[in-house]
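Notes for the structure review
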Amino acid sequence: QVQLVESGGGLVQAGGSLRLSCAASGRTFSSYSMGWFRQAPGKEREYVAHIRSGTSTYYADSVKGRFTISRGNAKNTLYLQMNNLKPEDTAVYYCAARYGDYGPWDYWGQGTQVTVSS
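Quick word on the pattern of salt bridges
When the charged atoms of two side chains lie near each other, side chains of opposite charge can form a pair. Tallying each qualifying case throughout the model produces 4 salt bridges. Ionic contacts of the salt-bridge type, sharing partners, join the residues Arg38, Glu46, Arg66 and Asp89 into one network.

Encoded structure:
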């Protein structure tokens, strides 16, 4: 059974930093893409960033240059380093995983709240 568990959310002032983590279990994730999504109050869930089963990384324009996605050596831990945070980054952040580099995201975590105050 695949489980994704996020941690690291919290309250931070604008301009500050947070590092989110996602611990994945139940599979060998070396062949999985993993990503981050977020959902702000009253809005639809949106894409933030993802990393392929290799090392290629991709970002939404809104976070490019401020956020960095990475994976642990064992490929079953995902990180999101968030710098220069803005109030509009406030959302619940979700970790997701899918087998391979394309297609739907099959597995989701429960989310972690990030709140950025102005």
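The discussion continues.
Considerations on the environment of Gly42
Mapped onto the elements, Gly42 comes out in the loop between strand E4 (32–39) and strand E5 (46–51). Sequence separation between Gly42 and Gly8 is 34 residues; the distance between their C-alpha atoms is 23 Å.

Here we look at the environment of Arg71
By the secondary structure assignment, Arg71 is in strand E7 (residues 67–71). A sequence separation of 19 residues divides Arg71 from Thr90, and the C-alpha atoms of the two residues are 23 Å apart. Residues in contact with Arg71, not counting those within four places in the same chain, are Phe29, Ser30, Tyr32, Ser33, Met34, Ile51, Arg52, Ser53, Thr77, Leu78 and Tyr79. In this structure the side chain of Arg71 is engaged in a polar contact, spanning 2.7 Å, whose partner is the backbone oxygen of Phe29.

With respect to the pairing of E5
Examined bridge by bridge, E4 and E5 share 5 bridges and lie antiparallel to one another. Paired with Phe37 across the two strands is Tyr47, which belongs to E5. Counting the residues in the hairpin turn of E4 and E5 gives 6 residues, including Gly42, whose phi is positive at 75 degrees.

Comments concerning the sheet that holds strand E3 (residues 18–25)
Strand order in the open sheet formed by 4 strands is E1-E3-E8-E7, with antiparallel pairing between adjacent strands. For this open sheet the edge positions go to strand E1 (3–7) and E7, each flanked by a neighbour on one side alone. For this sheet the average axis-to-axis angle between neighbouring strands, irrespective of direction, equals 15 degrees. In this sheet, strand E8 (residues 77–82) lies alongside E7 in antiparallel orientation, the contact comprising 5 bridges.

Considerations on the nonpolar core
Counting 28 residues, the largest nonpolar core has Leu4, Met34, Trp36, Leu80, Met82 and Tyr93 as the members making the most contacts within it. Every residue in contact with Leu4, bar those within four places of it in the chain, is listed here: Cys22, Ala23, Ala24, Phe29, Met34, Cys95, Ala96, Ala97, Tyr107, Trp108, Gly109 and Gln110.

Quick notes on unusual backbone geometry
Glycine aside, negative phi is the norm for most residues, and most peptide bonds take the trans geometry. Positioned with a positive phi, Asn84 is a non-glycine residue whose angle comes to about 50 degrees. Positionally, Asn84 belongs in the loop between E8 and strand E9 (91–99). A residue is classified by how much of its surface remains accessible, and Asn84, at 43% relative accessible area, is partly exposed.

Rules and cut-offs
Residues numbered from 1 in each chain as written. Predicted model: local features only at pLDDT ≥ 70, side-chain atom pairs only at ≥ 80, totals over all residues. Heavy atoms only, no water. Salt bridge = Lys/Arg side-chain N within 4 Å of Asp/Glu carboxyl O. Helix = DSSP H or I, 4+ residues; strand = E, 2+ residues; numbered from the N terminus. Contact = heavy atoms within 4.5 Å. Polar contact = N/O pair within 3.5 Å; in protein donor to acceptor, adjacent residues only side chain to side chain. Pairing = 2+ DSSP bridges. Axes fitted to C-alpha atoms, helices over the stretch in contact; angles between N-to-C directions. Core = buried A, V, L, I, M, F, W, Y, C linked by side-chain atoms within 4.5 Å. Buried < 20%, exposed > 50% of the residue type's maximum accessible area, 1.4 Å probe, protein only.

Any functional reading would require information beyond the geometric quantities listed.
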